[in-house]
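If you want the building blocks of each chain, they are given just below.
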Amino acid sequence: MPRYDAKRIEARWQEFWDEHATFKAAEPSDDTDKFYVLDMFPYPSGSGLHVGHPEGYTATDIVCRHARMNGKNVLHPMGWDSFGLPAEEHAVKTGTHPRETTKQNIETFRRQLKMLGFSYDWSRELATTDPEYYRWTQWIFLQLFDTWYDSAHEWTGPDGKLRTGKGRPVSELPIPADITDAGEEAVRRYQDKHRLAYISDAPVNWCPALGTVLANEEVIDGKSERGSHPVERVALKQWMLRITAYADRLAYELNDLDWPESIKLLQRNWIGRSTGAEVDFFIGDAGATGSVSAGVEDWKTTRSKGGWPAEPGDDVLRVYTTRPDTLYGATYMVIAPEHPFVDRLTTEEHKAQVVEYRRTASLKSDLDRTELAKEKSGVFTGSYAINPVNGEQIPIWVADYVLISYGTGAIMAVPAHDLRDFEFAVKFEIPIVQVVEPPASWEPTKDEAALTTEINGTKMTPFSAKGTAINSGEYSGTPTDDFKSKITDLLNETGLGQAAVNYKLRDWLFSRQRYWGEPFPIWHELDDAGNPTGLMRAETAASLPVLHPHMEDFKPTGTPQPMLSKATDDWLYKTDTDGTKLKRETNSMPQWAGSCWYFLRFCDNKNSEAFIDPALEKYWMPVDLYIGGAEHAVLHLLYSRFWHKVLFDRGHVSMVEPFQKLVNQGMILGDTDYNVPPEVFAANRDAIEAIGLEPLHLKVDDKEFVALRNPSPSADAYCPLTEDQVVKEKGKTILKGTTIELRGRTDKMSKSRRNVVNPDDVVRDYGADSLRLYEMFMGPLEQVKPWSMQGVEGVYRFLGRVWRMIIDDRAEDVILNERVTDAEPTDEQLRILHKTIKAVTADIDKLSCNTAISRMMEFTNFMSHEDSRPKSVLQPFVLLLSPFAPHIAEELWNVLGSEKSLAYEPWPTHDETLLVEDTVELPIQFNGKLKAKLQVPNGLNKAGMQAAAEADDAVKKQLAGKTVVKVIAVPGRMVNFVVR
RNA sequence: GCCCUGGUGGCGGAAUUGGCAGACGCACCAGACUUAAAAUCUGGGGUUCCGAUAGGAGCGUGUGGGUUCGAGUCCCACCCGGGGUACCA
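Residues numbered from 1 in each chain as written. Chains lettered and ligands numbered in written order. Predicted model: local features only at pLDDT ≥ 70, side-chain atom pairs only at ≥ 80, totals over all residues. Heavy atoms only, no water.

> Quick one: what's the story with the overall build of chain A, residue by residue and with numbers?
Check the secondary structure of chain A and you find 31 helices and 45 strands. Overall, the C-alpha framework of chain A stretches about 105 × 90 × 70 Å when taken along its three principal axes. For chain A, restricting intrachain contacts to residue pairs at least 6 apart in sequence, the fraction spanning at least 24 positions comes to 72%. On chain A, roughly 44500 Å² of surface is accessible, and the fraction owed to carbon and sulfur atoms is 50%. With 112 positive and 145 negative side-chain charges, chain A shows a spacing of 4 Å between the two charge centroids. (Helix = DSSP H or I, 4+ residues; strand = E, 2+ residues; numbered from the N terminus. Contact = heavy atoms within 4.5 Å. Areas by Shrake-Rupley, 256 points an atom, 1.4 Å probe, with all protein chains shown as cover. Lys, Arg positive; Asp, Glu negative; His and termini not counted. Charge placed at Lys NZ, Arg CZ, Asp CG, Glu CD.)

> For the sheet that holds strand S13 (residues 238-241), give the residues involved together with the corresponding values.
Read from one edge of the open sheet, three strands run S7-S13-S25, paired in antiparallel fashion. Either end of the sheet is taken by a strand with one partner, and the two such strands are strand S7 (197-200) and strand S25 (508-509). Helix H5 (residues 131-145) contacts S7 and S13 of the sheet and is inclined by roughly 75 degrees relative to S13. (Pairing = 2+ DSSP bridges. Axes fitted to C-alpha atoms, helices over the stretch in contact; angles between N-to-C directions.)

> With reference to specific residues and values, describe the protein's contact with RNA strand B.
Around RNA strand B, a shell composed of 53 residues is seen, among which Thr322, Tyr406, Arg420, His865 and Asn976 lie nearest. Among the atoms of RNA strand B lying within 4 Å of the protein, the sugar-phosphate backbone contributes 63%. Asparagine 861 is positioned such that a nitrogen or oxygen atom in its side chain is 3.1 Å from a phosphate oxygen of RNA strand B. Within the side chain of lysine 931, a nitrogen or oxygen atom sits 3.1 Å from a phosphate oxygen of RNA strand B. Ranked by residue count, the leading element in the surface near RNA strand B is helix H27 (residues 849-863), at six residues. When its residues are assigned to classes, the surface near RNA strand B shows 19 nonpolar, 16 polar and 18 charged. (Near = heavy atom within 4 Å. Polar contact = N/O pair within 3.5 Å; in protein donor to acceptor, adjacent residues only side chain to side chain. Nonpolar A, V, L, I, M, F, W, Y, C, P; charged D, E, K, R; others polar.)

> Could you give an account of helix H30 (residues 942-951), naming the residues involved and the relevant values?
Residues of H30 that are buried: Gly944, Met945 and Ala949. The buried residues of H30 occupy one face: seen down the axis, they fall within an arc of 135 degrees. Exposed positions of H30 whose direction lies more than 90 degrees from the buried face are Ala943 and Ala951. On its buried face, H30 sits against strand S42 (919-926), strand S43 (929-937), helix H31 (953-959), strand S44 (964-970) and strand S45 (974-979). (Buried < 20%, exposed > 50% of the residue type's maximum accessible area, 1.4 Å probe, protein only. Arc of directions from axis to C-beta.)

> Can you lay out the packing of helix H3 (residues 85-94) against helix H4 (residues 98-115) for me, pointing to particular residues and giving the numbers?
One way to put it is that H3 packs onto H4 with a least axis distance of 8 Å and a crossing angle of 125 degrees. Overall, the two elements H3 and H4 adopt an arrangement that is oblique. The element H3 and its partner H4 pack so that their crossing is right-handed. Along its contact with H3, which presents Ala87, Glu88, His90 and Ala91, the element H4 presents Pro98, Thr101 and Thr102. Taken together, the residues of the contact of H3 with H4 sort by class into three nonpolar, three polar and one charged. (Parallel < 35°, antiparallel > 145°, perpendicular 65-115°, else oblique. Left-handed = near helix turned anticlockwise from the far one by under 90°.)

> Outline the sheet that holds strand S9 (residues 212-214), listing residues and values.
Pairing within the open sheet is antiparallel, and its three strands lie in the order S9-S8-S12. Edge positions in the sheet fall to S9 and strand S12 (232-235), since each of these pairs with one other strand and no more. Strand-to-strand twist in this sheet, taken as the mean axis angle between neighbours without regard to direction, amounts to 50 degrees. Pairing of strand S8 (residues 203-207) with S9 involves three bridges; the strand directions are antiparallel. The partner of asparagine 205 across the bridge, within S9, is leucine 214.

Below is the structure:
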């Protein structure tokens, strides 16, 4: 019964590939080009793969299979990003160790991926939770711990251009003399302050529900990214990674990468570099006396001699501004509620108000702060500062629209030229002084216009763009850009300010309080009383990995106390060889850690001497093609680039950037066809139950609906309706017995929406080749697109046609169709074949798999009608098909007479001369409108085309009685008569 | 708000980058095979108007304008969907 039997064929070839290790990457050698193609490795969740995973995986697999046939030495690995919260949450519920859950989930994922026939080199499989893997994650952390950023260090980058700033060993950190004099302990503390991995007690995002602290990036609208739980800001000692030191290089080194411009832009915006100036405003002993003018002149004189100090000191308030040209318009200052100067600037009279304001501000979570953002709030401290350019006294306020975490946590406010300052000044009746004249053509933006206010009888509108200076003393009349550089120079000369750069990017909060993450390889020194001294010791490389302690219970502590602090004393404490008592660091690393370097380990996953062999690193890196979801466009890609640069600076890897080419696949949407509003459900309840659907009342994003599902073995999965559950009339699909029309409405696939499509179901019904083909045929890889079961049916039918084109499906055995011959191919057959080879090859290079598949459909539609189907035409076609649908292709290749797998057969090439047709259709336009088509010999020149057109009867008829003004003939395209 | 995307038949999408709009597939309709169904095969179709038919004329790529012999593609303005981000001085 040799109908196209996907199940049999796929089992056979998957076994064959396994047995022959067909896809094992070869050892490095000089005579093959390497090609490293990487998928973003998955988190092995409990619910298994969904159809979104194989989208990118199929695309990379096609590229890899194609590359092998072109003689490349391909590295195509797969692994597991297996640390993470769900396994630990499962442990809390069931008591099953996360290690067990993780192991089972990995097995499911591996089975599902193998079932899809991806050509991974499984001998390189890795899991971030494997001690032999996280041993090296801990080792890399120690490299970060042992590195400081020398921002003055100059070196030549791989592009031959001079770079400034490089990570260097802490042992090479210059120690100031007064520190050295203060003794060894002071030196160690000084070093600790400069490490790329350091401990800070800045406010952090503590999420009680998840029992952990989160990175800024994991908090969305004041709620946790995972599960949308509320997040509070609390001060805690946490590990931070100094990614901000690399901000400039992270932005600059994007330039030469073959990434989508939109992703580069996303990263650049995230880094958010801005240039401007820092300026010191004199405050003297304001707050204590309420007066500031005393001592300004002395201070200015001292400054002009001594220059700009790195630390601002107590007598000044330092601000950051991108518009130093508006200094003359600064009419007040604002410091953040958390600013260290709040207390000393607050006068007795204002104390109560300020204390109260600060208290409310600290209680506000990030969410409140965003929600209340519409209304400006703040209080006056009672103190004043001196504007350095005009000597005026301006009041200092406290307001939460200034953030402690950006710039210096203090601003000079220029209400006339900043929208936020304008709004604040209007509310608190602070003077507004215009210092920039807008260009004549200026029209207020929507935001500017919205703020327009009448003050003392004059309408005032803020203006925040560039213009010409006014009311700015001798600088009046200077254009903005010009003024900016002049005033920066002046500030620099007088020691009152300096050009400065700021980033939105913050240092990376790198510790979590969970059990199921990498333990830190760090010990804290204890004094005789058992209290931490604040000094640390790193674990030696030889003693890694630091394994997890055994734990009986995984219940969160309910406090910011880390889970690992519940470990037994023999894990927590030890006495070092010098007699110092030590306590282990009990935080663990975030899930990002393992994914920051996994692509390196794939090159050399069994090495127990080093995290990677330098020779292998040099051979395989960089990743030539990296495909994954756009949700990692910022975080994962920024973090791993950062780690890579540190490893580069420390001489452990040979390239500054790990991922040469990046492509983001678009999300696959699920059907929400069967989700109806509650009232619609109520009206049709009986009919819905009569056809056997199970109503599920759901709530997603605060919207209630009823999901109508067929009973399904897996609770999250989507089950298509059957023929007899729907009625089709006039192109509309209506649920039987109801008025519910099922239209093509789609939404993100999610557990909570119960519209997840499970690949197991698809493979069971249609086979892996059909799933792969449909994933690619749906549309462009990078685009968002909806899943359709009928679409799978379509490509399945295509494979059936391919099968019958070559195989006799009425015979008992799998034998060739009688029309498959050894005859010489006809010119037309050759032309179609070579056209297909050309198009499919070009499409794979462009990752345009959907069009490649339609080309092969066209070939099949043509060849199925040929009475004689020469093997010499079918064989190359099967090779073309093989990257897309490898199982059926191997089977057909085999039946067409080859013993070996086709995995390393040379990729077919096309012969341009065979593509030429004898006659072509020539479109004839009149004034650009198509009026006729005629058959003409191929290769006519302009004159020939015109002559052929003019000789045609239909054209003659059109031309009759008209004057030809001009004739445009484009060889191979068309002829256009411009007539009157 | 700002930034990034996208908008083409009933649906998913093609269109060599300024040159025949709708490839390929789905769904739909009709026919063949069949006792029948499934499967398979064959054919059909953007739309409006004229015509009995053959055929012909007009309009069509979110909207309005522009450039051009010629625009889905380029330019200007706007509308709508999706994603990201949000007091970053």
